[in-house]
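Report on the structure
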Amino acid sequence: MLNKNKSVARSFFITTMGCQMNEYDSDFLAQSLIQSGLLPVDDPGRADLILINTCTVREKPEQKAFSLFGRMARIKRRKPDLILGVVGCLAQQMGEGVIKRFPQLDFVMGPRELGRIQEILEQIYSGRTKIVATGLEEPPPQPTACRGYFKGRVTSFISIMEGCNNFCSYCIVPYVRGREISRSPEEILIEAGNLIAEGVKEITLLGQNVNSYRWNEEENGDFVSLLKKLNKLGGLLRLRFTTSHPKDLSDGLIECFADLDKLCPHIHLPFQAGSNPVLKRMKRGYTREEYVERIAKLRQVKPDIAITSDVMVGFPGESKDDFEMTLDLIKRVQFDGLFSFKYSDRKGTLADKMGNKVGETEKSFRLSILQDLQKQITLKKNKNLEGKRMDVLIEGYSKKEGQLKGRTGSNKIVNLICDTIKIGSLVNVIIKQGFLNSLRGELT
Ligand code: SAH
Ligand code: SF4
Ligand code: F3S
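Residues numbered from 1 in each chain as written. Chains lettered and ligands numbered in written order. Predicted model: local features only at pLDDT ≥ 70, side-chain atom pairs only at ≥ 80, totals over all residues. Heavy atoms only, no water.

Let's shift gears to the domain arrangement of the chain. Taken domain by domain, the chain consists of domain 1 (11–133), domain 2 (155–383) and domain 3 (389–443). Each of domain 2 and domain 3 has a C-alpha centre, and these two points are 25 Å apart. Taken together, the 16 residues of domain 2 in the interface contact 17 residues of domain 3. Taken over both partners, the interface formed by domain 2 and domain 3 buries close to 1,300 Å², and the fraction arising from carbon and sulfur atoms is 56%. On inspection of domain 2 and its partner domain 3, the count reaches 9 residue pairs in polar contact (both at pLDDT 80 or more). When contributions to the side of domain 2 that touches domain 3 are tallied by element, the ones reaching two or more residues are β11 (238–242) and α13 (360–384). Per-class residue counts for the side of domain 2 that touches domain 3 are 5 nonpolar, 4 polar and 7 charged. (Domains from an automatic or database assignment. Contact = heavy atoms within 4.5 Å. Buried area = accessible area lost by both parts, 1.4 Å probe. Polar contact = N/O pair within 3.5 Å; in protein donor to acceptor, adjacent residues only side chain to side chain. Helix = DSSP H or I, 4+ residues; strand = E, 2+ residues; numbered from the N terminus. Nonpolar A, V, L, I, M, F, W, Y, C, P; charged D, E, K, R; others polar.)

Pairing within the closed barrel is mixed, and its 5 strands lie in the order β15-β16-β17-β19-β18. Across the sheet, the mean angle separating the axes of adjacent strands is 50° when strand polarity is ignored. (Pairing = 2+ DSSP bridges. Axes fitted to C-alpha atoms, helices over the stretch in contact; angles between N-to-C directions.)

A few words on the pattern of salt bridges. Counted by the stated rule, this structure contains 28 salt bridges. Two residues, Asp25 and Arg177, come together in a salt bridge whose shortest N-O distance is 3.0 Å. With Asp25 in helix α1 (residues 20–35) and Arg177 in helix α6 (residues 173–177), this pair connects stretches of sequence that are 152 residues apart. The exposure class of Asp25 is buried, given its relative accessible area of 9%. Owing to a relative accessible area of 1%, Arg177 belongs among the buried residues under this scheme. A single network of salt bridges, built from pairs that share partners, joins Glu318, Lys320, Glu362 and Arg366. (Salt bridge = Lys/Arg side-chain N within 4 Å of Asp/Glu carboxyl O. Buried < 20%, exposed > 50% of the residue type's maximum accessible area, 1.4 Å probe, protein only.)

To continue, consider the site of ligand 1. Around ligand 1 sit 15 residues, and of these Arg58, Gln208, Gln272, Asp310 and Ser344 come closest. At a separation of 3.0 Å, a nitrogen atom of ligand 1 approaches a polar backbone atom of Tyr170. Side-chain polar atom of Asp310 to an oxygen atom of ligand 1: 2.6 Å apart, as the coordinates give it. Listing elements by their share of the shell around ligand 1, those giving two or more residues are β13 (306–313) and β14 (337–342). For the shell around ligand 1, a count of residues per class yields 6 nonpolar, 4 polar and 5 charged. (Near = heavy atom within 4 Å.)

Looking now at the site of ligand 3. All residues adjacent to ligand 3 are Cys19, Asn22, Cys55, Thr56, Val57, Cys89, Arg177 and Gln208. Counted by class, the shell around ligand 3 contains 4 nonpolar, 3 polar and 1 charged residues.

With 16 residues, α1 should cover 22 Å at 1.5 Å per step; its first-to-last C-alpha distance of 23 Å lies within 8% of that length. With 12 of 16 residues buried, α1 is to be regarded as a mostly interior element. Within α1, burial applies to Met21, Asn22, Tyr24, Asp25, Ser26, Asp27, Phe28, Leu29, Ala30, Gln31, Ser32 and Leu33. Phi turns positive one or two residues past the end of α1, at Gly37, with a value near 95°. (Expected span 1.5 Å × (residues − 1).)

To continue, consider unusual backbone geometry. In this structure, Thr243 follows Thr242 across a cis peptide bond, with omega equal to 5°. Its identity is not glycine, yet Asn411 carries a phi of approximately 75°, on the positive side. With respect to the element layout, Asn411 can be found in the loop between β16 (403–408) and β17 (413–417).

Dropping the structure here:
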């Protein structure tokens, strides 16, 4: 379709949904656009180009995206020169279908095609619209450092691997992010060096299965070797990684929590369900006993390690007894925090075709029981920290007026009153009060 009136975009606005991988991708897009001379604005009403970075992992983020498309389409009706692009996982999943449903959109671009943003904009400037870029064959683009972009940030991400080969039966990610592909240690170290030079103090390594990172067949190409290299970087205070898969959590990796001084004492290790028959149908590749054994090993090596996880309720065929097994696992492990979800059908996955679906009311009921249980555990754990001394990296200002906000190595939010310390510093704090979602501390 040709639109001769289209003018060149000078400003852009990006809105991001979904996981940290999407936040990283939005930073990539923003840097590419800045390098082609566009200016970021924080009001979509003032932007010539709006990108919506989407997620499709469950029905909820998808619905959120659709309502946003509608809102953006209304802005475009008032401002026909506006360029509207949908990027990310929902874009990949729906392809042309997004444009069919929302004809105001100009282009659709999947996660592996983000490197084509400048080329796609050129095509739009020359009059073409309705571009669909959803190839999965190419490796994801390499970020090109945009000087000054990360200035003022204390924490940042580096994607070290992309895609997933696991095909858990409920999950859409392998279909929208493609097969696993790792980046070279050299590129990762250069990116880390750039972030540190901009003042970043904490780096979180990202991957759908971060611990199956593998660079070629090289002897030192595994995830543990990569962590060891990053741990040596001067100027870096903290290192984290997410998300780990229990089946790939080796003893060598667990030992890093004791051996590497910058690696924070926290692991996010999704378990998804506590019943073995459900885990089997989910194709997770471990049993509840194996999961519990990995937790025991983590706590043996690093006794104060914080453990968080993902779990879902109402997977097809999940009986009341299966659900009880999930509650039992939660009681046994005593997680520091849990992200819990109602199972939601994703088109094209194996679970979508399974029988014995659990009803919505039952799923909501199970979720609320599970969340009540976890709330008690989280609160108890946070209260137990009262009186303890902990190192806190100050990340910025708190929502509470006059207070600063930081995080412990165990990834808990700490608010504290202090007007003498700088954002980006690591301070020793005594925990005065533990709440459900944060701690209150004072300088020691
Ligand atoms: N790669 C990570 C996380 C992927 S998605 C991992 O392997 O754990 C993040 C979380 O969303 C998952 O851990 C899972 O708990 C949840 N999730 C994924 N697909 C889902 C679905 N169809 N319904 C409900 N929750 C889902
Ligand atoms: Fe999805 Fe499973 Fe891959 Fe995680 S490991 S992204 S849950 S398929
Ligand atoms: Fe969503 Fe894609 Fe992340 S589906 S959870 S944005 S990998």
